[in-house]
Amino acid sequence: MSSFATRKCVRHTEREAVARCPSCGGDFCRECIVEHDGRVLCATCLAKTVATTGAAKPSAAWLPRSGDVAVTAACVLLLWVAFYGFGQFLKALPPQLHEGTVWREALDNPGHGETP
Ligand SMILES: [Zn+2]
Ligand SMILES: [Zn+2]
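Overview of the structure. Everything numeric in this text was worked out from a predicted model, so none of it was measured.

**Quick notes on the coordination of the zinc ion (ligand 2)**
- Listed as protein donors to the zinc ion (ligand 2) are Cys9 (SG), His12 (ND1), Cys29 (SG) and Cys32 (SG); their distances from the metal cover 2.0 to 2.3 Å.
- If you look at the zinc ion (ligand 2), its four donor atoms make angles of 101 to 116 degrees with each other, and the shape they trace is tetrahedral.
- All donors of the zinc ion (ligand 2) come from a single chain, and their spacing in sequence reads C-x2-H-x16-C-x2-C. Placement of Cys9 in the segment before strand E1 (19-20) and of Cys32 in the loop between strand E2 (27-28) and strand E3 (33-36) is noted, with a sequence separation of 23 residues between them.
- Residue classification places Cys9 among the buried residues on the basis of a relative accessible area of 2%.

**A short note on the packing of aromatic side chains**
- Tallied over the full model, the rule gives one aromatic pair.
- Ring geometry for Trp80 against Tyr84: centres 5.1 Å apart, planes inclined by 10 degrees, an arrangement best described as stacked. Taken together, the positions of Trp80 and Tyr84, both in helix H2 (residues 66-92) and four residues apart, correspond to about one turn of that helix.
- On the basis of relative accessibility, which here comes to 53%, the residue Trp80 falls in the exposed class.

**Things to note about unusual backbone geometry**
- The phi dihedral of Asp37 falls on the positive side, at around 60 degrees, and the residue is not glycine.
- Considering the arrangement of structural elements, one finds Asp37 in the loop between E3 and strand E4 (39-42).
- Look at Asp37 and you get exposed, because its relative accessible area is 73%.

**With respect to the side chain of Thr49**
- Mapped onto the elements of the fold, Thr49 is located in helix H1 (residues 43-53).
- A relative accessible area of 18% means that Thr49 is categorised as buried.
- A polar contact is formed between the side chain of Thr49 and the backbone oxygen of Cys45, at a distance of 2.7 Å.

**Here we look at the pattern of salt bridges**
- With the rule as written, the count across this model stands at four salt bridges.
- Between Asp27 and Arg7 there is a salt bridge, and its shortest N-O distance comes to 4.0 Å. One end of the pair, Asp27, is in strand E2; the other, Arg7, is in the segment before E1, with 20 residues separating them in the sequence.
- For Asp27, a relative accessible area of 11% corresponds to the buried category.
- Since its relative accessible area comes to 32%, Arg7 is described here as partly exposed.
- Two residues, Glu14 and Arg15, come together in a salt bridge whose shortest N-O distance is 3.9 Å.

Here is what the cut-offs are and how they apply
- For every chain, the first residue of the written sequence is number 1, and numbering continues from 1 along that sequence.
- To read the labels, note that chains go from A and ligands from 1, taken in the order they are written.
- The predicted origin of the model limits local features to residues at a pLDDT of at least 70 and limits the giving and counting of side-chain atom pairs to 80 or more, whereas totals for whole chains, interfaces and linings rest on all residues.
- Calculation of side-chain values draws on the structure's entire complement of heavy atoms; hydrogens and water are dropped beforehand.
- Excluding water, the donors of a metal are its N, O and S neighbours within 2.8 Å, or within 3.2 Å for Na, K and Ca, and that exclusion means sites may look incomplete.
- Irregular is the default label, applied whenever a site is not tetrahedral (four donors, all angles between 85 and 135 degrees) and neither square planar nor octahedral (four or six donors, opposite donors over 155 degrees apart, all other angles between 65 and 115).
- Helix and strand definitions here come from DSSP, where helices need a minimum of 4 consecutive H or I residues and strands a minimum of 2 consecutive E residues; each element is numbered from the N-terminal end.
- Residue burial is assigned from relative accessible area. The probe radius is 1.4 Å, only protein chains are included, and a residue is buried under 20% of its type maximum, exposed over 50%, and partly exposed in between.
- Aromatic pairing here means that ring centres of Phe, Tyr or Trp (its six-membered ring) are within 6.5 Å. Orientation follows from the plane angle: under 30 degrees is stacked, over 60 is edge-to-face, and everything else is tilted.
- Pairing of N or O atoms within 3.5 Å defines a polar contact, subject to two protein rules: one partner must be a possible hydrogen donor and the other a possible acceptor, and residues neighboring in sequence count only if both atoms are side-chain atoms.
- What counts as a salt bridge is simple: a side-chain nitrogen of Lys or Arg found within 4 Å of a carboxyl oxygen of Asp or Glu.

Now the structure itself:
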């Protein structure tokens, strides 16, 4: 049996654990353990702590600020107007302008009424 001194990281079984997370009790390697607020935590517990306490960021930080909302709305409106206007522009074009069908029709039917 191996000794208790060689504890392994719960995430990296090949790495030696350097610290134990006081929150979940798991052993973690140097890469997985994070020092936060004067104590060590694993990355998972640190994320939970930050999420619950909201120390790092306010809970509504993912929401855009009011100014951003206005800018986003303006951009969406501008895009919509641009696409709508482009569609109206295409509709307003007379069909004869597309690919010069006027000329093609004239070439396909060369003077049928020219019989004497
Ligand atoms: Zn933990
Ligand atoms: Zn690890």
